Each structure stands twice: as structure tokens, then as C-alpha cells.
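Fold and geometry: a report
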Amino acid sequence: MLLRTRPAIRSSEITDKKLYLRRREFIQAAAVTAVGAAAGTLGVPQADAAPSWPRVKVPNFAKSPYGADEKPNAYQDATTYNNFYEFGVEKEDPSNNAGPLKTKPWTVKVDGLVDKPADYQLEDFIKPYALEERIYRMRCVERWSMVIPWIGFPLASLLKTVQPAPTAKFVEFTTLFNPQQMPGQRRDVLRWPYVEGLRLDEAMHPLAILAVGLYGEYLPNQNGAPIRLVVPWKYGFKGIKSIVRIRLTDRQPMNSWQLSAPSEYGFYSNVNPSVDHPRWSQARERRIGEFFMRPTLVFNGYGDQVASLYAGMDLKKNY
Ligand SMILES: Nc1nc2c(c(=O)[nH]1)N[C@H]1C(S)=C(S)[C@@H](COP(=O)(O)O)O[C@H]1N2
Ligand SMILES: [Mo]
């Protein structure tokens, strides 16, 4: 993504797999060396270090037919190659820095144009909904992709509960603002807190989910604990993490990336191989874990389900 205050593209933004792997090996080697040195066993080879974050199984969830044909990425990829600028702009920063984020207790405010505005404790917020696993292709605007088995529930189920007023046309989401726990918020790489939005009909689409877990476990902090949005036909930045507020509105929300670079990141951000990012082509992507790039699919391959939402719209203008 763009850091507007910087003159050039950060190499990390378009890091290819080889570089990523090399860097990861280097970091792991350095970590092993540090651990070994501390333990006085320098030189003894170590197995992959156990993750430093807690891994807690989600007790009850159904398998859904979504994505059953896709091979998920390695857990390690999904949990250590992240974008979560509240914890730093490098891919390994979130998994290294998000540990101290306190996700209990957690309140989600639902307000704006709804019949039932409320401040929910997270447990109450998710309790009414049956959790299910959805294996989704995810595509970052930076040209890498992954397949992730999320656990969550349809955003539409929540919206039906809180009952949008007839005048509501959009849903706005906001991430926690807490510079003490989110060190990235002490620098202005983006205007904080992170905000994202969907049109109400997009938000009601059955593919849009609120996720609380991945790989059978509750979300690690770096993936947006305790609750985040997943919209698989859009670029990854629409999938806002660590949500504290959901507001129904009659005006199109200004999302953080559009605010930061309007010519590069629009409101819609539908995955579209024929609309290039101003600084790179979106025609192909690198699936993390694969060497060769593959063609990018329109709507990230979910066109059969979602294209009708955009019937008659010029998707070059509405990027
Ligand atoms: N609050 C917040 N949400 C965010 C981001 C962020 O920096 N802050 N990054 C976005 C981007 S660019 C991507 S690609 C996805 C990455 O999600 P993942 O790390 O779980 O794969 O999160 C999105 N949600
Ligand atoms: Mo992204």
C-alpha cells in the first residue's frame, strides 16, 4: 500500500515470495540464535518455534460448503504474513507486536440508522449466531493471495438483528483506537482509527462475514481479534480488523485507504484484473506458497455470486 509521506514504493509492499521466504528464514535463524545463545546451546538446531500467541480452539462450528474445493495456506503464512498497520507496516510486525492487545473485555457499539442501537459485550454480540467455517480466497491489493479457513457468521444475520432503518444505505466499521496498545497508531501512516465501509446490499450479501476465528481456533491478535470483517470478493484492505463500532448511515463512508490515496484505493475495491493499480498491474497475483504467479480472477472468483450487485455500474470508475 502507499505511504504518502514516502517518496518511493516500499519494497515490502510488493515483496515477492522468494524475498519473503528468505527474510523469514533469516528472522527464524536470528530467533533461533538468540534463543540458543540465551539457553547456552548455540548451534543446536531447533524445530519451528511455537507461536508466541495463545491458540484456543473454537468449541462449536459447522463446516459449510463454501470453499471446500480450495487448499488452505499454511497456518504459518496466514498468521505471520499480515497487514495490520496498527502494529507496524512490515509483514512480520503484527505477529511480533500484537500480543499485548487486550481483547477481553471487548465492546462493539452498533449505532446510527438502526432500530436497535446497543453497546454489546463481545460474548453477547456473537452469541445469537451459529459459527461456521468458510474457506475463502483472499486477495491483497499488493498482488499476493492466500486461502484462509475463517470461522464466523454472516454479517447479514447481525444486520437483521439490529434492523437498519429504511434510510440506511451504508455500513461503516471502525477499528479500536488505542495508541498505547497499538504502537503503529503513534505514527501517522494512516489517519486513525482505521475505518471501512460497505454499501448495505454488499453488507447483506451472504458471502460477507464477521470472523472470530481461523483454522479452527479463535483469531490471533494479528489477524484482527476478537472480531473482523471478511469480504472475499474485495481487496484485503476492506477486511477491517479488531472492530469496535458498526454504524449504519445514509452516506458513503470515507474509508481509510481512500482518504490516504484516493487515486489508488476507491470505496468499492472489488478485485478486478482489468483495473490496474496506478503503480502496478492487477492482472496477476502470487498465491503465497507458490512460485509462479497466477491470473487474478474478476471479483476474486466470486463473480457468479456477487456480480449482480454491480449491474450497470462502471467498475473502472467505481474502483
Ligand atoms: N484495522 C486494520 N484492518 C486491516 C488492515 C490494517 O492495517 N488495519 N489491513 C488490511 C489489509 S491491507 C489486508 S490485506 C488484510 C490482511 O488480513 P490478514 O492479515 O488477516 O490476512 O487486513 C486488512 N484489515
Ligand atoms: Mo491488503
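For the structure, see preceding data.
For clarity, every value in this text was computed on a predicted model and none was experimentally measured. The numbers attached to residues start from 1 for each chain and follow its sequence in the written order. Key to labels: chains lettered from A, ligands numbered from 1, both in the order written. Given that this is a predicted model, residues contribute local features only at a pLDDT of at least 70 and side-chain atom pairs are listed and counted only at 80 or more, while totals for whole chains, interfaces and linings are drawn from all residues. Note that water and hydrogens are dropped before the side-chain values are worked out from all heavy atoms of the structure.

**What to know about the pairing of strand 2 (residues 107–112)**
Walk down a regular strand and you will see the side chains alternate between the two sheet faces. The pairing criterion is simple: DSSP has to find at least two bridges between the two strands. Helix numbers and strand numbers start at the N terminus; a helix is a DSSP run of H or I with at least 4 residues, a strand a run of E with at least 2. Bridge analysis of strand 2 against strand 3 (residues 118–121) gives 4 bridges, and the strand direction is antiparallel. Looking at strand 3, one finds that Val110 is bridged to Ala118. Strand direction decides the pairing type here: strand 2 and strand 11 (residues 243–249), joined by 4 bridges, are parallel. For Gly112, the partnering residue across the bridge sits in strand 11 and is Leu248.

**Some thoughts on the pairing of strand 8 (residues 209–214)**
Within strand 8, 6 of the 6 residues are buried, which leaves the element mostly enclosed by the surrounding structure. The pairing of strand 5 (residues 144–154) with strand 8 spans 5 bridges and is antiparallel. Bridging from a neighbouring strand, Pro154 pairs with Ile209 of strand 8. Both strand 8 and strand 10 (residues 228–230) contribute to a ladder of 3 bridges, which runs antiparallel. The partner of Leu210 across the bridge, within strand 10, is Leu229. Remark: exposure states derive from per-residue accessible area (1.4 Å probe, protein chains only) relative to the maximum for the residue type, with buried under 20%, exposed over 50%, and partly exposed in between.

**Side note on the site of ligand 1**
One heavy atom within 4 Å of a molecule or strand makes the whole residue count as near it. If you check the shell around ligand 1, you find 16 residues, and the closest are Asn82, Tyr85, Glu86, Gly239 and Lys241. We define a polar contact as two N or O atoms separated by no more than 3.5 Å, with the added condition that, inside protein, one atom must be a possible hydrogen donor and the other a possible acceptor, whereas residues neighbouring each other in sequence contribute only through side-chain atom pairs. Interatomic distance of 2.7 Å between a side-chain N/O atom of Lys241 and an oxygen atom of ligand 1. Summarising the interface, the protein chains cover 96% of the accessible area of ligand 1, which totals 540 Å² for the free molecule. Reported accessibility uses the Shrake-Rupley method at a 1.4 Å probe radius. Residues are deemed covered only where the shown protein chains occlude them.

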